[in-house]
Amino acid sequence: MIFIKKLILLMIGLLLLSGCGAKSTDTLKSFKDHNAKHTTYELNGTMKIVSNEDEFTYNVTVGVSDNKHYKVSLVNTINNHEQVILRNDDGVYVVTPELNKSFKFMSEWPNNSSQAYLLESLVNDVNKDASSTVKEEGGGYLITSKVDYPNNQKLHHETIETDKDFNIKKVSVKTEEDKTEIEVNITKINYKPKFSNDYFSLDNLVKEETTTDKKKDEKLDEECLASCTDTEANCKSTCKIEASSNILEDIIYPLYVPTDTYLSGKDTVSTDNGNRIILTFAGVDPFILVEEASNMNDTLDIIPVNGEPLFLGSTIGAISDNSIYWTSNGVDYYLTSKTLDASEMMTIAESLENSSNLVAGLK
């Protein structure tokens, strides 16, 4: 009799578990069906990126047309610095409009990596992970799935928060230890946007400075210098004259260097526009770091890169097999190594980001 009761209880338990599993499968299917059908949309929100102990927040606007053309505008909330990731029929670009500068990639972006701000990417993450889970929470659903960031292996999984109709409200990308490294909060999604004919055009991002603008800037510079009572060098820095002359006066040193690797050389080279600093590191993992003051180009400068777009806390750069390019705090960086992998190069680059923030804070 006791054996029969135990058998009945076991069967009831299996039925309950089976029912829960079926419900979860149906809920995940509903999530995927709802978001996969929206191939054209406009999304607004914020994105927070954690880089070591620093946090950087962007205002994000995403435009997608037929899951074919993409435009992702990211504006740093601290310095109002804007960068745009653009994909159209001509290729993939990372554009910095205020500098008239762009990286161009022959890349499969955004399909070759997880993207926390793209609906189809989130659906793909759930599709690829057979162990994805879902539970009801806060009047909606909380979905957990693994992620794929080839250039950032510490990113392990994500949680996707939706409302009861499966509209995505928040995405948190986390490490294996459950520490959030990327957080996207979606404030608005328009599933029927009307994009202008040139919305996905690279030409639409070119910043043209008129003669009137130049004269106005020159007048403001002269007025600033005339009223400044500090030293000449500090006045030029305060009035942003050094940026226009493209002279890099402060060397930015990485806060992180691989074990048994050390600074072995430091050179300054004169260029047509200013100067270029070359730091050579020797040892077990040698690398070269080049720094140069950023300058505004009269026309769009397009730099071909055999690599992928890369988030580095306060900026978006470009990473290839053995190098990283990026611009931050008015400085163009180029880091290259024959021995370092992508993860190590990123760690060095992120430490330079933190180092440059320290230098900027001392001025």
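Note that the structure is a prediction, hence the values are computed from the model and not measured.

*Asks:* I'd like a rundown of the environment of Tyr191, residues and numbers included.
*Replies:* With respect to the secondary-structure elements, Tyr191 resides in the loop between strand S11 (180–190) and helix H3 (211–227). As a C-alpha pair, Tyr191 and Thr39 span 152 residues in sequence and 8.5 Å in three-dimensional space. In contact with Tyr191, not counting residues within four places along its chain, are His34, His38, Thr40, Tyr41, Leu119 and Asn167. Polar contacts involving the side chain of Tyr191 include one to the side chain of Asn167, which spans 2.7 Å.

*Asks:* Quick one: what's the story with the sheet that holds strand S17 (residues 316–319), residue by residue and with numbers?
*Replies:* The strands making up a sheet are joined through hydrogen bonds of the backbone, oriented either antiparallel or parallel. Read from one edge of the open sheet, seven strands run S12-S13-S14-S19-S18-S17-S16, paired in antiparallel fashion. The strands lining the two open edges of the sheet, one partner per strand, are strand S12 (261–270) and strand S16 (308–311). Averaged over all pairs of adjacent strands, the angle between their axes in this sheet comes to 20°, without regard to strand direction.

*Asks:* I'd like a rundown of the confidence of the model for the chain, residues and numbers included.
*Replies:* Parts of the prediction with low pLDDT should not have their coordinates interpreted in detail. On average, the chain scores 86 in pLDDT, and the residues at 70 or more come to 82%. Residue range residues 14–20 is modelled with pLDDT below 50. Its contacts to residues more than four positions away, or to other chains, number zero contacts. Here residues 210–216 is modelled with pLDDT under 50, and outside its nearest four sequence neighbours on either side it reaches three contacts, counting other chains as well.

*Asks:* Lay out the side chain of Glu350 with the relevant residues and their values.
*Replies:* Residue placement: Glu350 occurs in helix H6 (residues 342–362). Salt bridges are absent for the buried Glu350, whose nearest opposite-charge side chain, Lys154, sits at 4.5 Å. Excluding its chain neighbours within four sequence positions, the residues that come into contact with Glu350 are Ser51, Asn52, Lys154 and Leu312.

*Asks:* Can you lay out the packing of aromatic side chains for me, pointing to particular residues and giving the numbers?
*Replies:* According to the stated counting rule, one finds 11 aromatic pairs in the structure shown. Plain terms: the ring middles of Tyr141 and Phe166 are 4.8 Å apart, the flat faces sit at 5° to each other, and that makes the pair stacked. Here Phe166 lies in the loop between strand S9 (155–162) and strand S10 (168–175) and Tyr141 lies in strand S8 (residues 140–146), a separation of 25 residues in the sequence. In this pair, the class of Tyr141 matches that of Phe166, namely buried. Ring centres of Trp326 and Tyr333 lie 4.8 Å apart, and the angle between their planes is 15°; on these two criteria the pair is classed as stacked. Each member of the pair, Trp326 together with Tyr333, is buried. An aromatic cluster is present here, built from Phe103, Phe105, Tyr325 and Tyr334 joined pairwise through their rings. For Lys71, the ring lying beneath its charged end belongs to Tyr199, and the centroid distance is 4.4 Å.

*Asks:* Explain the nonpolar core to me, using residue names and the numbers behind them.
*Replies:* Counting residues in hydrophobic clusters, the biggest one holds 43 residues, and the most contacted among them are Met47 and Val62. With five residues, strand S2 (residues 54–65) is the single largest residue contributor to this core. Once you skip the residues sitting within four places of it in the chain, Val62 turns out to touch Tyr41, Glu42, Leu43, Lys71, Val72, Tyr117 and Leu118. Core analysis: the second largest hydrophobic core is formed by 22 residues, Phe287, Ile319, Leu335 and Ile348 among them.

Parameters at a glance
Residues numbered from 1 in each chain as written. Predicted model: local features only at pLDDT ≥ 70, side-chain atom pairs only at ≥ 80, totals over all residues. Heavy atoms only, no water. Helix = DSSP H or I, 4+ residues; strand = E, 2+ residues; numbered from the N terminus. Contact = heavy atoms within 4.5 Å. Polar contact = N/O pair within 3.5 Å; in protein donor to acceptor, adjacent residues only side chain to side chain. Pairing = 2+ DSSP bridges. Axes fitted to C-alpha atoms, helices over the stretch in contact; angles between N-to-C directions. pLDDT = per-residue confidence, 0-100. Buried < 20%, exposed > 50% of the residue type's maximum accessible area, 1.4 Å probe, protein only. Lys, Arg positive; Asp, Glu negative; His and termini not counted. Salt bridge = Lys/Arg side-chain N within 4 Å of Asp/Glu carboxyl O. Phe/Tyr/Trp six-rings, centres within 6.5 Å; stacked < 30°, edge-to-face > 60°. Lys NZ or Arg CZ within 6 Å of the ring centre and 35° of its normal. Core = buried A, V, L, I, M, F, W, Y, C linked by side-chain atoms within 4.5 Å.

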